[in-house]
Amino acid sequence: MVYRRGYAGPSLVILLFGLSCFLSTPFHVGAFYLPGSYMKIFSLNDDLSVMVNSLTSIETELPFGYYTLPYCVPQEGEKHISENLGELLMGDRIENSPFKFHMNVNESSIFLCTTPKLNSATVNMLKQRITDLYQVNIMLDNLPAIRYVKAGDYRLQTTGFPVGYQEEDGRQQHFIINHLRFTVLIHEYQDTGSGAAMSTEDGMSVLDSGGSGSGFQVVGFEVTPCSIRHTKQSISNLQMYDKISPPVDCDQASQQPVQEGEQITFSYDVSFVKSDIRWPSRWDAYLRMEGARVHWFSILNSLMVIAILAGIVFLIFLRTVRRDLTKYEELDKEAQAQMSEELSGWKLVVGDVFRAPEHADLLSIMVGNGVQIAGMAVATIFFAALGFMSPAARGMLLSGMILLYLVLGILAGYVAVRLWRTLQGNIDPTGWRSVTWRVACFFPGIAFAILTILNSLLRASKSTGALPISLYFVLLALWFCISVPLTLLGGFFGARAEHIQYPVRTNQIPREIPQRKYPSWLLVLGAGTLPFGTLFIELFFIMSSIWLGRVYYVFGFLLVVLVLLVIVCAEVSVVLTYMHLCVEDWRWWWKAFFASGSVGIYVLIYAINYLVFDLPSLSGPVSTALYIGYSLLMVLAIILATGTIGFLASFWFVYYLFSAVKID
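Just so we're clear, the structure is a prediction, and the values are computed from it rather than from any experiment.

K.L.:
Quick question: what am I supposed to make of unusual backbone geometry here?
P.N.:
Leaving glycine out, the prevailing phi sign among residues is negative, and the prevailing peptide bond configuration is trans. The omega angle of the peptide bond from Ser 245 to Pro 246 is 0°, so this bond is cis rather than trans. In this structure, Pro 246 sits in the loop between α4 (232-235) and β16 (265-274). Positive phi outside glycine occurs at Asp 141, with the angle close to 50°. Along the chain, the position of Asp 141 falls in the loop between β5 (138-140) and β6 (143-144). A positive phi is found at Glu 584, a non-glycine position, where the angle reads about 65°. Assignment of secondary structure puts Glu 584 in the loop between α15 (555-582) and α16 (589-597).

Written out as structure tokens, the structure is:
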């Protein structure tokens, strides 16, 4: 078997295939626990506290607090549960609820409260929330409640339950969900003598490790909502947690309308069912969504096709360049000089290929920010693929992204300043400070400007998605107290490092660029289609996760897609750079950046298409502004990251190409 140096097409495909299989395979190991969570064991009759989260809707994308609607308030009053940075940024507001369970104790027809008579303002608000398809999100032991819905022969699952529903019966009527039937799946745990953590209302305690203990684990949480109009006789003189008599029967009772002057009574049932599901596998029900098999096969097919095509293009390209270099180096100096006069192509721009581009400062700043964003994306997806950012730890993914972005500021400053010194020829020994400051403020400044505008709209809408003022200042403090100093430190190291020495000298007079039949930017813009082809399938599922509330969990495939995207961006940019040099166009710097960065334009077009065809029910100018604002921020990040990958690959290629040519 003969191995050709520099070609790894089939090997790359096999490696990526194996990596995708490994990272996307669910592991069912008894000793494995999702990071960010810990096993809780409850004794018989232990109190179980149910938590509520913000009300959410795919119609408006504006979350609201649970107690903004006339729901029952716990006896101890409303209490906010502390959230991490990621949860707050996502609009989560976790609070206690009046639902109280006792481990393995079935209870039925439990009375909670009856509201005062509804006034017109409350009725209008309830009807609006029902019309906008708002969902109530409720959790037990960190597990969101699952609701199963029949759709023909299929049984669909979703998290949470609707605030209410509408019926067209001559006139439009709104009904509120006011009775919940909970099913808690529990697994009986037997301690082997090593000690087990017991969870109570007072906190965590440990069983005696000298003997064997037992308890119950919560491994599933399901809810069946219904609307029922309680009779006054059945609820008269009842206190919270009293039993309603006769028992509630959702199939026989009439529905509770939302009308002015009505009083709404809330109640619930809870039943415990023993299950063979073990605690490490309790999230499988949430991750095993419909269409997963089709999703995996379509992604794998795209990865294989793109990897093979990229390998073939790269192989042909390498052979072409090596043939040119071999022919050129086999000639003596006199023949090389004669050949340079007779032939056209990349050899003729040897005295201009490293001429500094226009707006070199801006290019250095964008490359520095791109390195920071690309590094954050790779590290985040890598750790997520390994399971360190599980769905059990809400907000950890976003918190991890922010932390990695802050830390990678040192790399952004270093790369930007060293590139700037290389482009400028090290003529200004003090200008690196200005460049570093602009690197630290370029992308974060744009992000904060967009965030401020969107936050003002959310605050005006009284949504829980609006950042508290305290959190806003915390983000500013993280920016200026961590990110900026680290970026300045990286810039300092970049200023002290030796700038890159070009292998050839640059002529004083720029070479005239031949006229072309078509603008070179058309080719640059078209180059983004190939990187977009590796991304668009995964982009659909990511967008659906963000805007439609679907669970996204195939980070193994996403990591492989990211690896392919990096490879394709580098190859596309290198090929376009070589094509421009062959037609004696030495202004390759910005074109190399946007050859791969133009994928962001196609992502923007796709985002607009997604808004029109997949989110036609998105209502209100605030919701549309949120979508457009976050989409623009995502597109900018993609342009910077992919453009940087392509630029650095092209820079290395041009440096290598002209280093191999011997020129006096």
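Now that the structure is up, let's keep going.
K.L.:
Would you mind showing me how to read the packing of aromatic side chains here?
P.N.:
One pass over the full model with this rule turns up 41 aromatic pairs. A centroid spacing of 6.2 Å and a plane angle of 35° characterise the contact between Phe 532 and Tyr 602, whose relative ring orientation is tilted. Taken as a pair, Phe 532 in helix α14 (residues 529-547) and Tyr 602 in helix α17 (residues 599-613) lie far apart in primary sequence, 70 residues in all. Taking relative accessible area as the criterion, Phe 532 reaches 15% and is therefore assigned buried. Look at Tyr 602 and you get partly exposed, because its relative accessible area is 23%. Judged by centre distance (5.3 Å) and plane angle (80°), the rings of Phe 540 and Phe 541 are edge-to-face. The exposure class assigned to Phe 540 is partly exposed, which follows from its relative accessible area of 27%. An aromatic cluster of three or more residues is present, and its members are Phe 532, Phe 536, Phe 540, Phe 541, Tyr 602, Tyr 606 and Tyr 610. The ring centre of Phe 64 lies 4.0 Å from the NZ or CZ of Arg 129, which sits over that ring. Sitting over the ring of Trp 586, Arg 355 keeps its end group 5.6 Å from the ring centre.

K.L.:
Where do I start with a nonpolar patch on the surface in this structure?
P.N.:
Taken together, the side chains of Phe 382, Phe 383, Leu 386 and Phe 388 define a hydrophobic patch exposed on the protein surface, amounting to about 360 Å² of accessible area. Topologically, Phe 383 is positioned in helix α8 (residues 360-385).

K.L.:
Would you mind going over the state of the cysteines with me for this structure?
P.N.:
Joining two cysteines, a disulfide is a covalent bond between their sulfur atoms. Tallied over the full model, the rule gives 2 disulfides. With a sulfur-sulfur separation of 2.0 Å, Cys 226 is cross-linked through a disulfide to Cys 250. Of this pair, Cys 226 sits in strand β15 (residues 214-226) while Cys 250 is found in the loop between α4 and β16, placing the two residues 24 residues apart along the sequence. Per residue, the accessibility class of Cys 226 equals that of Cys 250, and both read buried. Each disulfide in the protein chain links cysteines that, numbered along the sequence, combine into the pattern 1-2, 3-4.

The rules behind the values
Residues numbered from 1 in each chain as written. Predicted model: local features only at pLDDT ≥ 70, side-chain atom pairs only at ≥ 80, totals over all residues. Heavy atoms only, no water. Helix = DSSP H or I, 4+ residues; strand = E, 2+ residues; numbered from the N terminus. Phe/Tyr/Trp six-rings, centres within 6.5 Å; stacked < 30°, edge-to-face > 60°. Buried < 20%, exposed > 50% of the residue type's maximum accessible area, 1.4 Å probe, protein only. Lys NZ or Arg CZ within 6 Å of the ring centre and 35° of its normal. Patch = residues over 30% accessible without salt bridge, like charges linked within 9 Å, V, L, I, M, F, W, Y side chains within 5 Å. Areas by Shrake-Rupley, 256 points an atom, 1.4 Å probe, with all protein chains shown as cover. Salt bridge = Lys/Arg side-chain N within 4 Å of Asp/Glu carboxyl O. Disulfide = S-S within 2.5 Å.

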